[in-house]
Structures are given as C-alpha cells and as structure tokens.
Amino acid sequence: WIEACLADAGISDPLGAGVVPVQVVSPGEPIGTISEDVAKEYGLSPSAVVVGGTTDSNAAFFAAVGASPDMGTAVTSLGSTLAMKKLSATYVEDASRGIY
C-alpha cells in the first residue's frame, strides 16, 4: 500500500532504488547498518545500526497492556491525535473512517 500512496503523491522513488522496505520487522529488531554515504553526510559511524520502529500510539498500547493482553483489551492515547486501539481477533480496516 505504501507504493500506491507514494505513486498517488507523484513520488516514484523518493531517495533512490530500494527505498521502500521489502521486509517488515518487529520494533527494535536490527535491519542493517546505514550506508557509507549517509554516514559521511551526517557525521555518523558507518556501523550505526538501523532498527525497526513503531508509532507512538502502538507503543502506548503495549506500554499500557503489557506483553500478553486479552482479546478485547482497549487503550486510548492522546498525542497529536487521539488514538483508540483495541485488540481484536478479526482484522478491521476502513480507510474512509481512519480505522486500520
């Protein structure tokens, strides 16, 4: 879906070949190291590790419920937006209502 969003925005490849991730990893899981060009440009070590991340509302959900929440557990968090998260056994998505 991200490639479709980028295409809709007129962006075919914003930073060069291979920008769009081909693999989704868990938050904190190492993906690899930064390129030598990026390390030089920003003064970083070329051994700097890139790891998977998450959104603030997902992090808030897990912080509130712990590692083993029960189905139906719900959390509301307020930041730049109001996010409501509920653990469901059924996948639910409705982009017209901002539900994903």
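These lines cover the structure that appears in this document, whether it is placed above or below. (Residues numbered from 1 in each chain as written. Predicted model: local features only at pLDDT ≥ 70, side-chain atom pairs only at ≥ 80, totals over all residues. Heavy atoms only, no water.)

## Some words on the overall build of the protein
Counting its regular elements, the protein contains three helices and four strands. Element order for the protein, N to C, with α for helix and β for strand: α-β-α-β-α-β-β. Counting only residues that meet the buried cut, the protein has 11% of its 100 residues in that class. Element-wise, carbon and sulfur atoms account for 57% of the exposed surface of the protein, whose accessible area totals about 8,200 Å². (Helix = DSSP H or I, 4+ residues; strand = E, 2+ residues; numbered from the N terminus. Buried < 20%, exposed > 50% of the residue type's maximum accessible area, 1.4 Å probe, protein only. Areas by Shrake-Rupley, 256 points an atom, 1.4 Å probe, with all protein chains shown as cover.)

## As for the packing of aromatic side chains
In total, this model carries one aromatic pair according to the counting rule given. Aromatic pair phenylalanine 61 and phenylalanine 62: ring centres 5.4 Å apart, planes at 85°, arrangement edge-to-face. When its relative accessible area of 52% is taken as the criterion, phenylalanine 62 is described as exposed. (Phe/Tyr/Trp six-rings, centres within 6.5 Å; stacked < 30°, edge-to-face > 60°.)

## Details of the pairing of strand E4 (residues 82–86)
Here E4 shows a clear split, with Ala83 and Lys85 buried on one side and none of Leu82, Met84 and Lys86 buried on the other. As paired elements, strand E3 (residues 74–78) and E4 share five bridges and run antiparallel to each other. Residue pairing for E4: valine 75 is matched across the bridge by lysine 85. In sequence, E3 turns back onto E4 through a hairpin of three residues. (Pairing = 2+ DSSP bridges.)

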